[in-house]
Amino acid sequence: MASLILLPALSPTMETGKVSKWLVKEGQTVTSGDIIAEIETDKAVMEFEAIDDGTITKLLVKEGSREIAVNTPIAEFESDVAVPASVSPPPAVPAKKPDEVSRGPAAASMLQVAARDTELPSDVEFRSQTVREAIRDAMAEEMRRDSSVFLMGEEVAEYEGAYKVSQGLLAEFGAERVVDTPITEHGFAGLGVGTAFAGLKPIVEFMTMNFSMQAIDHIVNSAAKTLYMSGGQMGCPIVFRGPNGAAARVGAQHSQDYAAWYAHIPGLKVVQPFSAADAKGLLKSAIRDPNPVVMLENEIMYGHSFDVPVVDDFLVPIGKARIWRNGSDVTLVSFGIGMKHTLAAADELSQLGIEAEVIDLRSLRPMDTASVIESVKRTNRCVTVEEGWPVGSIGNHIGSVVMQRAFDWLDAPVLNCTGKDVPMPYAANLEKLALVSVDEIVAAARSVTYR
Amino acid sequence: MSGKMTETNVIPDASKAELLGYYRDMLLVRRFEEKSGQLYGMGLIGGFCHLYIGQEAVVVGVEAVAQEGDKRITAYRDHGHMLVCGMDPGGVMAELTGREGGFSKGKGGSMHMFSKDRHFYGGHGIVGAQVPIGAGLSFADRYLGNSCVTFTYFGDGAANQGQIYETFNMASLWKLPVVFVIENNQYAMGTSLARASSTAQLFTRGRAFDIPGEMVDGMDVLAVKARASAAAKHCRDGHGPYILEMMTYRYRGHSMSDPAKYRSREEVQRVRTERDPINMLRDAILQSGAAVEAELKAIDSEIKIVVSEAEKFARESPEPDADALWTDIYLPS
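What comes next is a walk through the structure. (Residues numbered from 1 in each chain as written. Chains lettered and ligands numbered in written order. Predicted model: local features only at pLDDT ≥ 70, side-chain atom pairs only at ≥ 80, totals over all residues. Heavy atoms only, no water.)

Moving on, we come to the packing of aromatic side chains. Scanning the entire structure with this criterion turns up 19 aromatic pairs over all chains. The interplanar angle of 40° and the centroid separation of 6.0 Å between the aromatic rings of A:Tyr163 and A:Tyr302 together place this pair among those described as tilted. Placement of the pair is A:Tyr163 in the loop between β10 (149-153) and α3 (169-173) and A:Tyr302 in helix α9 (residues 299-302), with a sequence separation of 139 residues. Taken as a pair, A:Tyr163 and A:Tyr302 share a single burial class, namely buried. Each member of the aromatic cluster is reached from another via a ring pair, and the members are B:Phe154, B:Tyr165, B:Phe168, B:Phe180 and B:Phe209. One Lys or Arg, A:Arg322, reaches over the ring of A:Trp324 and ends 5.6 Å from the middle of that ring. One Lys or Arg, A:Lys377, reaches over the ring of A:Trp409 and ends 4.3 Å from the middle of that ring. (Phe/Tyr/Trp six-rings, centres within 6.5 Å; stacked < 30°, edge-to-face > 60°. Helix = DSSP H or I, 4+ residues; strand = E, 2+ residues; numbered from the N terminus. Buried < 20%, exposed > 50% of the residue type's maximum accessible area, 1.4 Å probe, protein only. Lys NZ or Arg CZ within 6 Å of the ring centre and 35° of its normal.)

Set out below in structure tokens:
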């Protein structure tokens with residue numbers, strides 16, 4: 001019985017993979033459980049097993065092939081089993097339609113904005129990098145620059161990061177500076193704060209920010225408040241970082257967006273970058289900042305590539321928004337992965353004749369509300385977009401600020417597009433419904449423009 | 001008190017200057033705290049105020065072995081730790097009264113004072129939270145390659161917090177130079193140890209993590225000093241953390257608003273009469289002939305003046321300027 005072996009989804013967020021190595025040749029017989037290939041996912045190199053006895057009749061992709069979409073046939077297989085059966089395991093997530101994958105913005109607009117924001121030389125070169133690589137480079141550069149900077153967290157050293165973010169750091173900096181911790185978030189967050197009080201500059205990685213809830217007392221009570229409580233004596237130069245928000249199908253306890261939670265706290269700075277360049281520049285600024293900074297990353301975004309300027313010391317200031325797209329009809333304000341949906345919505349709106357101005361807040365505390373107000377005074381309309389819950393959201397805050405400072409310029413109420421007010425469901429269809437969508441953003445923008 | 005105490009020599013094995021120094025420091029804490037209680041009653045001190053009266057020998061004995069650069073951190077019964085590590089009594093008292101001249105410019109209060117100069121890292125209000133922070137301070141010393149030790153204090157109540165054991169695990173795993181000083185004053189607010197803890201001997205709680213520990217008579221300043229010295233040496237020699245369970249007692253309620261009905265007057269009175277740390281040292285000094293009554297009285301008078309000057313400073317220091325509301329939230333980047 002002939003069948004196709006398809007590239008399997010081997011992580012919740014895997015969209016494409018690389019066949020690192022074929023461990024079988026054409027014509028080779030295999031038995032169930034034999035490892036036939038090594039597949040590199042967005043997280044790790046995984047072994048891929050045959051689940052049936054039979055013969056590999058043809059290899060359809062070459063060893064080393066990258067960016068192969070999940071569910072693409074990679075080999076042909078002749079099964080010994082008479083009953084028709086697919087050798088490939090059923091994909092963990094339904095294959096995505098091409099238009100849903102990585103709606104990245106055009107490189108040209110990125111160049112233009114990057115140059116404006118960071119006063120880069122006009123002839124600066126850019127190179128394509130994933131958000132994951134950008135974060136790793138930011139840490140490595142700062143660790144080279146300052147021996148008091150070190151990284152601690154679960155699986156950051158020998159495993160090289162649960163999401164492969166700290167690849168190569170242990171090899172370069174050694175176990176004294178790249179510290180694997182036990183699974184003990186409350187404890188190591190507090191310990192990290194102590195090292196910062198004593199003058200070190202720890203980067204504390206949470207495997208996901210969902211686990212930071214175990215440690216939130218130290219982030220809020222110990223890190224954020226002590227400078228004030230000590231009358232300015234006890235600074236806490238620490239960075240808490242890790243993936244935040246929903247990944248894909250990981251359920252309610254692993255899918256929460258903490259933007260509004262941490263942005264609420266005086267004494268903390270909070271950044272939530274979208275692009276790789278901003279992730280790099282903001283993390284470098286965060287590590288140098290003498291205050292505690294929370295950086296909210298996103299697992300889905302780790303694998304996305306953006307143009308990152310090739311300069312020696314690329315810093316993005318904390319507290320400054322970026323205008324990604326100019327438009328005169330409505331201001332769309334977002335941050336983090338919300339920007340992905342927002343930019344896609346702006347493209348659709350443009351086809352409808354509505355030109356949206358898209359602002360990436362990048363920092364949530366301090367928040368560059370001045371840029372939002374300035375834009376709203378031109379567009380007279382504002383829609384906010386975030387993945388978090390609607391009550392007490394970042395969008396609520398922006399709506400309030402816009403009402404207080406630009407009431408007379410508003411031609412419509414400020415609308416908040418948010419995640420739905422429910423714990424994140426597991427079922428694929430329900431999860432999609434729970435997350436903020438491009439359609440909802442388009443509808444909100446049409447509503448406030450009365451079109 | 002239950003369990004086996006460490007055997008110590010009842011004959012003073014310290015020099016005269018040392019003995020008088022311990023006496024002076026314990027008395028300073030006692031009189032300072034009595035004054036704090038008075039000022040609280042007069043409305044000059046507000047909020048939460050946890051007095052250290054009865055526990056003086058613990059901090060004085062431990063501080064006796066501290067070297068320059070050693071760090072200390074505790075929870076919110078912290079006035080004694082600050083006074084004995086050398087923070088100015090006026091600055092501490094002015095913080096209690098919420099004045100500009102306080103160690104935190106009036107923005108911290110009784111529970112939140114710090115001194116970088118004296119390596120005092122607070123002053124923390126969340127029970128147990130100071131313990132991983134203390135381990136972090138010692139992590140920094142190990143990272144920097146010096147031989148400093150961090151004295152991390154917590155009470156019998158905090159001993160049941162989960163983060164203590166997360167910290168024990170990391171401190172032992174990484175051989176951090178931290179002495180965990182458990183101030184077992186028998187009551188976690190209103191709950192006696194027997195009602196809150198499945199085991200009576202808290203120093204044994206480190207065994208699962210391979211951290212040595214012992215019980216010490218926390219009312220005997222010389223016993224405290226002797227064992228703290230051994231514990232600090234253990235850390236400085238690179239052997240990792242050490243636990244000292246100081247058996248002590250607080251005479252006053254948990255905080256100023258606590259009527260302490262969970263224990264009998266007789267129980268308190270018995271400790272005051274038989275085990276008071278200041279009287280015990282006083283008797284030992286006089287019996288051994290290390291000093292005479294007049295010398296101790298001179299110290300009493302000196303302390304009265306120190307405390308009254310602290311009170312004066314704390315009363316006269318102005319309230320913080322309204323602009324201070326908005327300062328010290330962030331350091332300039």
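Let us look at the interface of chain B and chain A. Listed per partner, the contact involves 41 residues of chain B and 46 residues of chain A. Between chain B and chain A the total buried area reaches about 3500 Å² when both faces are included, carbon and sulfur atoms providing 66% of it. Interface area lost by chain B to chain A is led by B:Tyr143, B:Tyr330 and B:Leu331, which between them contribute 20%. Between the two partners, chain B and chain A, sit one salt bridge. As a salt-bridge pair, B:Arg142 and A:Glu176 come within 3.8 Å of each other at their nearest N and O atoms. Taken together, the connections running from chain B to chain A amount to 20 residue pairs in polar contact (both at pLDDT 80 or more). Of all the elements in the fold, those that place two or more residues in the side of chain B that touches chain A are β2 (120-123), α5 (130-144) and α6 (162-173) of chain B. The greatest single-element share of the side of chain B that touches chain A, amounting to 10 residues, is contributed by α5(B). (Contact = heavy atoms within 4.5 Å. Buried area = accessible area lost by both parts, 1.4 Å probe. Salt bridge = Lys/Arg side-chain N within 4 Å of Asp/Glu carboxyl O. Polar contact = N/O pair within 3.5 Å; in protein donor to acceptor, adjacent residues only side chain to side chain.)

Here the focus is the packing of helix α4 (residues 185-197) of chain A against α6(B). In contact at an axis separation of 8 Å, α4(A) and α6(B) are set at 70° when each is read in the N-to-C sense. On the basis of the axis angle, α4(A) is roughly perpendicular to α6(B). For the pair α4(A) and α6(B), the sense of crossing is right-handed. Where α4(A) approaches α6(B), its residues A:Glu185, A:His186, A:Gly187, A:Phe188 and A:Leu191 are matched on the opposing element by B:Gln163, B:Glu166 and B:Met170. Class assignment for the residues of the contact of α4(A) with α6(B) results in three nonpolar, three polar and two charged. (Axes fitted to C-alpha atoms, helices over the stretch in contact; angles between N-to-C directions. Parallel < 35°, antiparallel > 145°, perpendicular 65-115°, else oblique. Left-handed = near helix turned anticlockwise from the far one by under 90°. Nonpolar A, V, L, I, M, F, W, Y, C, P; charged D, E, K, R; others polar.)

Turning our eyes to something else, we now look at the sheet that holds strand β2 (residues 16-22) of chain A. All names here are of chain A. Spatially, β5-β4-β2-β7 is the arrangement adopted by the four strands of the open sheet, whose pairing is antiparallel. Both outer strands of the open sheet, β5 (45-49) and β7 (68-69), are each paired with one neighbouring strand and no more. Pairing of β2 with β7 involves two bridges; the strand directions are antiparallel. Each residue of the ladder has a partner; that of Thr16, found in β7, is Ala69. (Pairing = 2+ DSSP bridges.)

This part takes up empty space enclosed by the protein. Residue and element names in this part refer to chain A. Here the structure, examined in full by the defined rule, presents three cavities of 30 Å³ or more. Of the pockets and cavities examined, the largest cavity occupies roughly 130 Å³. Ser255, Gln256, Glu387, Trp389 and Met424 are, among the 15 residues lining the largest cavity, the residues nearest its centre. Grouping the constituent residues of the lining of the largest cavity by class yields seven nonpolar, five polar and three charged. Every residue lining the second largest cavity is counted, 14 residues in all, and those nearest its centre are Asn244, Gln272, Asn298, Gly336 and Ile337. (1 Å grid on protein atoms, 1.4 Å probe; cavity = no way out; pocket = protein on both sides within 12 Å on 5 of 7 lines; lining within 4 Å. Points joined across faces, edges and corners; volume = space filled by probe spheres on them.)

Along the polypeptide, B:Tyr143 turns up in helix α5. Accessibility expressed as a relative area gives 17% for B:Tyr143, which makes it buried. In this structure, B:Tyr143 is in contact with A:Ser147, A:Ser148, A:Val149, A:Phe150, A:Glu176, A:Arg177 and A:Leu200, ignoring residues within four places of it in sequence.

The subject of this paragraph is the sheet that holds strand β3 (residues 29-30) of chain A. Residues and elements named next belong to chain A. Taking strand neighbours across the sheet as the criterion, the four strands line up as β1-β8-β6-β3 in an open arrangement whose pairing is antiparallel. Single-partner strands in this sheet number two, and they are β1 (2-6) and β3. Relative to strand β8 (residues 73-79), β1 runs antiparallel, the two being bridged by five bridges. Looking at β8, one finds that Leu6 is bridged to Pro73.

For the rest of this paragraph, the subject is unusual backbone geometry. Generally, phi is negative for residues other than glycine and the peptide bonds are trans, each holding for most cases. That bond from A:Arg365 to A:Pro366 is cis: its omega, -5°, falls within 30 degrees of zero. For A:Pro366, the location among the structural elements is in the loop between β20 (363-365) and α11 (369-379). For the bond from B:Gly122 to B:Gly123, the omega torsion is 20°, close enough to zero to count as cis. Among the secondary structure elements, B:Gly123 is positioned in strand β2. The backbone phi angle of B:Asp210 is positive, close to 65°, even though this residue is not glycine. When you line up the elements, B:Asp210 lands in the loop between α7 (193-196) and β7 (213-217). Given the relative accessible area of 67%, B:Asp210 is considered exposed.

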